[in-house]
Amino acid sequence: MESHSDEEGGRRPSPEDARETLGRLEADGAELARRASTPGWYYPAVGVLVAPAVGALSQPGPVSIFFTSLAIFGSGLLAGILRRRTGVAVSRPTGPRSRREFVRLVVLVAIAFAAALAISFLPISAWWAVLPAALALAAILLLGPRYDAAIGVEIAGGAA
């Protein structure tokens, strides 16, 4: 097995060189975490798309289909805009902390969808679907930035 240290003439890097290299790596991680952070408008925009889709589940077919389609198309469009703007596409959680935040967010939004769907089968006013829609919006507005912050910490090399 040959050594790969011949770039420096076969010598080992000094402690100062090693510290400098580690410092550059930490700076790169911090810059990547900064670039990967989501702009402030992103989660409110996602919430504005998802909350009406949740609420519309208690409405007749065409209304529900329209808002669900709008949420799917709009979310994809927002993800594309975000990817072009930041140059970074995080398609899944990057570690245990972001995974926990992601699961919390998905579970709460899924509960909101299920509750709105249940309302459509119950003999109650469709206006009750405002509550699960509000839950979905609150989950996205509160947990979305927490998920984003967790990804930033993990990318920058922070503890999980």
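Quantities reported herein were computed from a predicted structural model and do not represent experimental measurements. (Residues numbered from 1 in each chain as written. Predicted model: local features only at pLDDT ≥ 70, side-chain atom pairs only at ≥ 80, totals over all residues. Heavy atoms only, no water.)

Student: Looking at this structure, how should I read the packing of helix α2 (residues 42-56) against helix α5 (residues 130-155)?
Tutor: Think of two packed helices as two axes; the pair is described by the angle between the axes and how far apart they sit. At their nearest, the axes of α2 and α5 sit 8 Å apart, and the two run at 150° to each other. Between α2 and α5, the interaxial angle falls into the category roughly antiparallel. Read as a crossing pair, α2 and α5 show a hand that is right-handed. In contact with Y43, P44, V46, G47, V48, V50, A51, V54 and G55 of α2, α5 contributes P132, A133, A136, L137, I140, L141, G144, P145, Y147 and D148. Residues of the contact of α2 with α5, tallied by class, amount to 15 nonpolar, three polar and one charged. (Axes fitted to C-alpha atoms, helices over the stretch in contact; angles between N-to-C directions. Helix = DSSP H or I, 4+ residues; strand = E, 2+ residues; numbered from the N terminus. Parallel < 35°, antiparallel > 145°, perpendicular 65-115°, else oblique. Left-handed = near helix turned anticlockwise from the far one by under 90°. Contact = heavy atoms within 4.5 Å. Nonpolar A, V, L, I, M, F, W, Y, C, P; charged D, E, K, R; others polar.)

Student: Explain the packing of aromatic side chains here, please?
Tutor: Pairs of aromatic rings are described using the distance from one ring centre to the other and the angle between the two planes. For the coordinates displayed, the defined rule picks out four aromatic pairs. A ring pair is formed by W41 and Y42, whose centres lie 6.1 Å apart and whose planes are at 65°; its orientation type is edge-to-face. Given the relative accessible area of 14%, Y42 is considered buried. A centroid spacing of 5.5 Å and a plane angle of 45° characterise the contact between F102 and Y147, whose relative ring orientation is tilted. With F102 in helix α4 (residues 96-121) and Y147 in helix α5, this pair connects stretches of sequence that are 45 residues apart. (Phe/Tyr/Trp six-rings, centres within 6.5 Å; stacked < 30°, edge-to-face > 60°. Buried < 20%, exposed > 50% of the residue type's maximum accessible area, 1.4 Å probe, protein only.)

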